[in-house]
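Chain by chain, the residues run as shown.
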Amino acid sequence: MSVTSKSITLYIITHLCLISGVLSQQQETEFLHHGFLKGNILNYGSTKILPSGILELTNTSRRQMGQAFHGFPIPFNNSNSSNPLSFSTSFVFSISAPGHGLTFMISPTMDFTRAMASQFLGLFNASNNGNSTNRILAVEFDTVKSNEFLDIDGNHVGIDVNGLVSVESAPAAFFSNRHIKNITLKLSSKDPIRAWIEYNGVEMVLNVTLAPLDTSKPKLPLLSRKMNLTEIFNDKMYVGFSASTGNMTSNHYVIGWSFSREGKAKEFDLTLLPSVSAPSPSELDDFDLISDAPSDSATANPKRTKLIIIYTLVIMFFMM
């Protein structure tokens, strides 16, 4: 191998290493998805991205569970931030039938292979439910009453910390700015519902607000809980969704998602959101190659793919 060829190969390897180093430090703290065809989303379990761009966590099969995460961890306990541990997220979801529900979660891991479906919502199992080592915050949109978790009814929203016995919950409803009162929302109506989940790190208050998609944000939240999330979160956490079915089946959809680690999450352009429809089985089959992202494959970890390329080039360099 000539000196010139070696120099060129070494130059390429060096720059690939530099690029990999930059990518490894990449931290997305804000994003907006009108549908998920171009979103940096990792899917697990029964989750699929439909041809319309809708994120489907479960379909009409029994005892399913699915999870989906933003592809990069979010820095939460960041000492360099001017606004430690505040965040804002908004998303639009749809649930077609009561069985069992959907959650927004913030977790130190994307590995939920030990989680269970049905009343465990694809988050926990009978052994780890309630363990402080879980370090998980979730907001559940629960459509089945589970007595073992002290659920208030079969149509409620709850704030969960490390387990499914909610620290705060309320029947699903939104505050009508016009009528100055709460109006009941049926979570499993299939109608798109918008949720806002906002945490003020200075006041240490978590607010959860709901409204129909075509309604402006209510002035009052449904849930408001004072809590110190620094006691729960690691420096970096993953944000995403989970859902499950039991004996009753249901489509659990996320239609759009906005998130910001600092400041208010960006507003949706409602005209850009995909509409909820029932895709045919053939549409799902045709889209499997695009939507499936197995947790043990290189596609589920883009950093791993880059490292494999770099290591292969290094080995080739020394074999020449």
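Because the structure is a prediction, the values reported are computed rather than measured. (Residues numbered from 1 in each chain as written. Predicted model: local features only at pLDDT ≥ 70, side-chain atom pairs only at ≥ 80, totals over all residues. Heavy atoms only, no water.)

## Focus: the overall build of the protein
Secondary structure assignment for the protein yields 3 helices and 18 strands. For the protein, restricting intrachain contacts to residue pairs at least 6 apart in sequence, the fraction spanning at least 24 positions comes to 68%. Entry remark: accessible area of the protein is about 15,200 Å², with carbon and sulfur atoms responsible for 55%. (Helix = DSSP H or I, 4+ residues; strand = E, 2+ residues; numbered from the N terminus. Contact = heavy atoms within 4.5 Å. Areas by Shrake-Rupley, 256 points an atom, 1.4 Å probe, with all protein chains shown as cover.)

## A closer look at the environment of Arg261
Counting through the fold element by element, Arg261 comes out in the loop between strand E18 (252–260) and helix H2 (281–291). Note: C-alpha distance between Arg261 and Pro75 (186 residues apart in sequence) is 8.0 Å. There is a polar contact of 3.1 Å between the side chain of Arg261 and the backbone oxygen of Ser86. (Polar contact = N/O pair within 3.5 Å; in protein donor to acceptor, adjacent residues only side chain to side chain.)

## Topic: empty space enclosed by the protein
Counted according to the given criterion, the structure contains 1 cavity of 30 Å³ or more. When its volume is computed, the largest cavity comes out at roughly 40 Å³. In this structure, the largest cavity is lined by Ser88, Thr89, Ser90, Arg194, Trp196, Glu198, Lys264, Ala265 and Glu267. Residue assignment for the lining of the largest cavity shows that the elements contributing at least two residues are strand E7 (87–95) and strand E14 (193–200). (1 Å grid on protein atoms, 1.4 Å probe; cavity = no way out; pocket = protein on both sides within 12 Å on 5 of 7 lines; lining within 4 Å. Points joined across faces, edges and corners; volume = space filled by probe spheres on them.)

## Some points on the packing of aromatic side chains
For the structure on display, the rule yields 17 aromatic pairs. Look at Phe91 and Phe104: their rings are 5.8 Å apart centre to centre, the planes differ by 25°, and that puts the pair in the stacked class. One end of the pair, Phe91, is in strand E7; the other, Phe104, is in strand E8 (residues 101–107), and 13 residues separate them in sequence. Phe91 sits in the buried class, given a relative accessible area of 0%. On the numbers, 5.5 Å between centres and 75° between planes, the contact of Phe120 with Phe149 is edge-to-face. (Phe/Tyr/Trp six-rings, centres within 6.5 Å; stacked < 30°, edge-to-face > 60°. Buried < 20%, exposed > 50% of the residue type's maximum accessible area, 1.4 Å probe, protein only.)

## Concerning the pattern of salt bridges
As a working rule, side chains carrying opposite charge can pair if their charged atoms are close by. Under the defined criterion, the tally for this structure stands at 5 salt bridges. Ionic pairing is found between Lys266 and Glu30, a salt bridge with its closest N-O pair at 3.9 Å. Pair noted here: Lys266 is in the loop between E18 and H2 and Glu30 is in strand E1 (residues 30–34), with a separation of 236 residues, a long-range link. Look at Glu30 and you get partly exposed, because its relative accessible area is 37%. Measuring nitrogen to oxygen at the nearest pair gives 3.0 Å for the salt bridge that ties Arg225 to Glu168. Here the residue Arg225 occupies a position in strand E16 (residues 223–226), and Glu168 occupies one in strand E11 (residues 168–171), the gap between them amounting to 57 residues. Residue classification places Glu168 among the partly exposed positions, given a relative accessible area of 26%. If you follow the salt bridges from partner to partner, you end up with Arg194, Lys264 and Glu267 in one network. (Salt bridge = Lys/Arg side-chain N within 4 Å of Asp/Glu carboxyl O.)

## Description of the nonpolar core
Among the nonpolar cores identified, the biggest contains 50 residues, and Phe87 and Leu210 are the most heavily contacted of them. It is E14 that contributes the most residues to this core, 5 residues altogether. In this structure, Phe87 is in contact with Phe76, Ile106, Leu137, Ile197, Glu198, Tyr199, Leu206, Leu229, Phe233, Phe259, Ser260 and Arg261, ignoring residues within four places of it in sequence. Of all hydrophobic cores here, the second largest spans 16 residues; its members include Ala115, Leu121, Phe149 and Tyr238. (Core = buried A, V, L, I, M, F, W, Y, C linked by side-chain atoms within 4.5 Å.)

## Some thoughts on unusual backbone geometry
Residue His100 is bonded to the preceding Gly99 through a cis peptide linkage, with omega at 0°. By secondary structure assignment, the location of His100 is in the loop between E7 and E8. Not every positive phi belongs to a glycine, and Arg63 is a case in point at roughly 50°. Summarising the element assignment, Arg63 is placed in the loop between strand E4 (55–58) and strand E5 (65–70). On the accessibility criterion, Arg63 (52% relative accessible area) is exposed. Positive phi, close to 60°, is recorded for Leu150, a residue that is not glycine.

## As for the side chain of Ser146
With respect to the secondary-structure elements, Ser146 resides in the loop between strand E9 (137–142) and strand E10 (156–161). A relative accessible area of 6% means that Ser146 is categorised as buried. In this structure, Ser146 is in contact with Gln119 and Asp151, ignoring residues within four places of it in sequence.

## Some words on the pairing of E8
Across the 7 residues that make up E8, a large majority, 7, are buried. Here E8 shows a buried face lined by Gly101, Thr103, Met105 and Ser107 and a second buried face lined by Leu102, Phe104 and Ile106. As paired strands, E8 and E9 are joined by 6 bridges and run antiparallel to one another. The residue of E9 that forms the bridge with Thr103 is Glu140. Bridging between E8 and strand E17 (residues 236–244) involves 7 bridges; their strand directions are antiparallel. Residue pairing in the sheet places Phe104 in a bridge with Phe241 of E17. (Pairing = 2+ DSSP bridges.)

## Section: the side chain of Ser90
As for its position among the elements, Ser90 is in strand E7. The class of Ser90 is buried, set by a relative accessible area of 1%. A distance of 2.7 Å separates the side chain of Ser90 from the side chain of Arg194, its partner in a polar contact. Polar contacts involving the side chain of Ser90 include one to the main-chain carbonyl oxygen of Ala195, which spans 3.2 Å. For Ser90, the contacting residues outside a window of four places in its chain are Arg194, Ala195, Trp196, Gly256, Trp257, Ser258, Ala265 and Phe268.

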